[in-house]
Amino acid sequence: MSDSLRRGSGAASTSEPLSAFESDATVRVVTTQPRRDSRKSVPLRDVFADARWSDAVDASPMADCYLSAMTYDEFVHQPKARMLSYRADRVTRFDCAVRDPARVVSGAAHAFVPLAFLETPQIKSGWTHLWIDALHHLDDVKAKRDATQLSAWLCLNVTVLPQAWLSKDPDTCHAAFGRAWMNRELAFGRVDRDALDLFFEMCVREHAAQTEGKIWDGSDAELRGPRLLARLIGRRPRAAASDEASDPDVAIAALEWWHRVKEMDARRRSVGGRDSPVSPSPTRSMGPIATDASGEDTDDECELQLKELMYNLSARQLSDEPAANRAALSKDAALAWHVVCAYASDAFHEPTDAYVCSLSVVATACGFPEIRDPLERWKRKYASKPEGAPRGRDGKLVYRAEDVDVDALDANHETLRFCWALLAPKGDWDDIPECLRGVVHADHARVDWSTRPPGTASLGLGPVPASLMTRGGVAPVGPFFGFDFSRAPNGHRKVGELRGGSGTKRAVNTRGAGEGTDDDPFPDLETDGVFAPRTYAGEVLRLLTERLEAAGLATTRPPRGEKVNGNATPSPSLNTSRRTISAFSSIGSSFGGVRGGGRTTSSASENDAEVSISRTSSAANSIFTDSDASDGELDEFSAVDGLASALGREYMGYHPTCRWNLEVTARRKNAAMERDESENAEMERTLQNLWRAWIGKYDADKSGTVSLAELKAFASATVCPSSDSYMQTLHEWASNALELGDLDAEFNRVDVDGSGELEYPEFRAMLLTE
């Protein structure tokens, strides 16, 4: 991040209020008026020197707007400043000159700009300054890198304007809630009140149209309007945990509150006052709504409850004090669950966005180190190339598992470790509202081992052995929570869901062990089969000890072991401390080592050790930490990461550099090569068939070759004499070349031997000419 962004007492402080953050970093924002210094504003239509851009701007609500440059401080202090949350649709590539009001970016090369943000109308109170990420960085590499942390501060200090709500279309809003970026943009900051009113109005209209003014006798889950509102409440942890949202049917009641309050406002505005006959109400066009969930509430009670709910939905969801937010993360189960589930969301066009999307805002609010992109160093290698980092045919980044910066990933997971310390020991859903558990299936905390970026599939728990999954397909995280992989539709347990009721108590039953007690839920299993942070560490230590003993390098004393209990705390996710213990150079390259009297095991012993372990992580040399070890004793916490970084397939892709991930990368690469080879072979067959067809029909002198005269005769035909599509394509090319006078030159270009006749290799080269 740039030095200018770091400036200010709030940037690096964990004690000063979030609102005290200051920065003179330059931001580019859309403004309704040019700045007084005209050099710092550019008409929005002139930003990209491309007719497609100017035409799109002219046809949009932003036709008369400007792109202006100013400092972060200037922007956040504008009373009508907004940060746009939008869906990246209508993505268009621009390769053209750029007019940058900041005088930094002069051109765009391979810049992909989502034109959908242009469809943002004004709101009732009006916005004057609008921050849009794509226009802020203008595809500049450095600006894009800084935008990750800058946007986290903006989410906390600038009101968010959700574009989808302005559309008044329920389907558009449902699609917007499905975006993983919503967990960043809409989760914690302030929300524009005008947009929230429009959102409520849309939900009420949907509810009125579906129920037709009658009490609904079907399932509440079928109610479209309340379901949409419930998805919003589930994105706002403060609102979800409020008293107004405590009941499961709060969304139904809230829409009834809104409808009744609008009717009451209409009566108050009538000439005769509150008790006069009812005057025309804005809710009349929506149709009536039956009073069901709010039947026992008076109008005044509805007004009070709606006011409180609207405030909780629109206000910032976190404290202005970082210390208070850290405390909440370790005590507030609703907030912790929200953060973990947000990290599980994978609805990205680019899957690697999962590394930085959901955690940066909450990490900033808690005063944790800024979230870093574990692929940043890899991306920098391609920063100077116009085409940027390599991408596959689907437009997604192509990289290797070992390109992931394990240190950056582990530092990012500090936020998640705070959450798991609270969630893992829980025995029920207590303190976690129902709407936070996922209103629709797309909102559930699902993980896919095969598609998530390396190191993220365990949601911050670190590398996890697949052997700890029960036979029933459940991987417990504690007595209550766990990953349920039992519902795989294709029989492959690679897609799971973080669920309540999938913890160790259920795991005991699925393995056929005794019922156990609350203090000892696994009386016969000890650590086997438990996917809980502390017990998992004990399992890893057991496996590690067995390997060390097999290599003749056993520890000096038996390791300490702990059973599962209600006070379990998560182990480090990868390698949380840089304080290293003396390491074996070969085994230590994967495990670290054992501290014993300051002596390091000799290299001869290491080389003779028959342990099937290889170094695969750049961070492996500091796997062991001395935070829980003493006197040469291996403890379960310091043992976790060494084994995890070394073992292979059984870790199911949880660790960035385990062999599972490397093999997945290799398989994908091999599949791509095989696909290319298959396509090339198909193309070769097509060209040979075309050659044989030509020789059979158009080789006038029967020489078995193609002469220039024969090619011209073929090109001179008014229509292609063949019905074959490939032959028609050749005829179209040859006719155009003949008309332009280029056919002779093209013939001579591929006639490398100068014989005046094209044999198959030369004919093939002509056909493959772009």
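In the block above lies the structure referred to throughout.
As the structure is a prediction and not an experimental result, all values here were calculated from the model.

1. Some remarks on the nonpolar core
So, step 1. Of all hydrophobic cores here, the largest spans 142 residues; its most connected members are Leu 44, Phe 48, Trp 53, Trp 165 and Phe 200.
So, step 2. If you tally residues by element for this core, the top one is helix H16 (residues 333-344), at 10 residues.
So, step 3. Excluding its chain neighbours within four sequence positions, the residues that come into contact with Phe 200 are Leu 229, Ala 254, Leu 255, Trp 258, Leu 306, Leu 309, Met 310 and Leu 313.
So, step 4. Listed in part, the 22 residues of the second largest apolar core include Tyr 698, Phe 714, Met 727 and Val 750.

2. A look at the pattern of salt bridges
So, step 1. Summed over all chains, the structure comprises 31 salt bridges.
So, step 2. Among the salt bridges present, the one from Arg 45 reaches Asp 58, with a minimum N-O distance of 2.8 Å. Remark: Asp 58 occurs in helix H3 (residues 51-58) and Arg 45 occurs in the loop between strand E2 (41-43) and H3; sequence separation between them is 13 residues.
So, step 3. Salt bridges sharing common partners tie together Arg 45, Asp 46, Asp 58 and Arg 99.

3. What about the packing of helix H10 (residues 193-211) against helix H13 (residues 250-269)?
So, step 1. Here H10 crosses H13 at 105°, and the two axes come no closer than 10 Å. By the angle between their axes, H10 is roughly perpendicular relative to H13. Along its contact with H10, which presents Asp 197, Phe 200, Glu 201, Cys 203, Val 204 and His 207, the element H13 presents Ile 252, Ala 254, Leu 255, Trp 258 and His 259.
So, step 2. Among the residues making up the contact of H10 with H13, the classes are represented as 7 nonpolar, 2 polar and 2 charged.

4. Overview of the packing of aromatic side chains
How two aromatic rings sit relative to each other is given by the distance of their centres and the angle of their planes.
So, step 1. Within the structure shown, the criterion is met by 22 aromatic pairs.
So, step 2. Note on Trp 181 and Phe 348: the rings are 6.0 Å apart at their centroids and 90° apart in plane angle, and the pair reads as edge-to-face. Within this pair, whereas Trp 181 is found in the loop between helix H8 (170-177) and helix H9 (182-185), its partner Phe 348 is found in the loop between H16 and helix H17 (359-366), the two being separated by 167 residues in sequence.
So, step 3. By relative accessible area, Trp 181 is classed as partly exposed at 23%.
So, step 4. Residue classification places Phe 348 among the buried positions, given a relative accessible area of 13%.
So, step 5. Note on Trp 694 and Tyr 698: the rings are 5.1 Å apart at their centroids and 50° apart in plane angle, and the pair reads as tilted.

5. With respect to the sheet that holds strand E3 (residues 66-71)
Strand pairing in a sheet relies on backbone hydrogen bonds. The paired strands run either parallel or antiparallel.
So, step 1. What the 6 strands build is an open sheet, ordered E2-E3-E1-E7-E4-E8; its pairing is mixed. Edge positions in the sheet fall to E2 and strand E8 (159-162), since each of these pairs with one other strand and no more. Neighbour to neighbour, the strand axes of the sheet diverge by 35° on average, direction disregarded.
So, step 2. With 3 bridges joining them, strand E4 (residues 81-85) and strand E7 (residues 129-131) adopt parallel strand pairing.

6. Observations concerning H10
So, step 1. For H10, which comprises 19 residues, the first-to-last C-alpha distance of 27 Å matches the rise-based estimate of 27 Å (1.5 Å per residue) to within 8%.
So, step 2. N-capping of H10 is provided by Asp 192, with a side-chain oxygen placed 3.0 Å from the backbone N of Asp 194.

The rules we used
- Residues numbered from 1 in each chain as written.
- Predicted model: local features only at pLDDT ≥ 70, side-chain atom pairs only at ≥ 80, totals over all residues.
- Heavy atoms only, no water.
- Core = buried A, V, L, I, M, F, W, Y, C linked by side-chain atoms within 4.5 Å.
- Buried < 20%, exposed > 50% of the residue type's maximum accessible area, 1.4 Å probe, protein only.
- Helix = DSSP H or I, 4+ residues; strand = E, 2+ residues; numbered from the N terminus.
- Contact = heavy atoms within 4.5 Å.
- Salt bridge = Lys/Arg side-chain N within 4 Å of Asp/Glu carboxyl O.
- Axes fitted to C-alpha atoms, helices over the stretch in contact; angles between N-to-C directions.
- Parallel < 35°, antiparallel > 145°, perpendicular 65-115°, else oblique.
- Nonpolar A, V, L, I, M, F, W, Y, C, P; charged D, E, K, R; others polar.
- Phe/Tyr/Trp six-rings, centres within 6.5 Å; stacked < 30°, edge-to-face > 60°.
- Pairing = 2+ DSSP bridges.
- Expected span 1.5 Å × (residues − 1).
- Polar contact = N/O pair within 3.5 Å; in protein donor to acceptor, adjacent residues only side chain to side chain.

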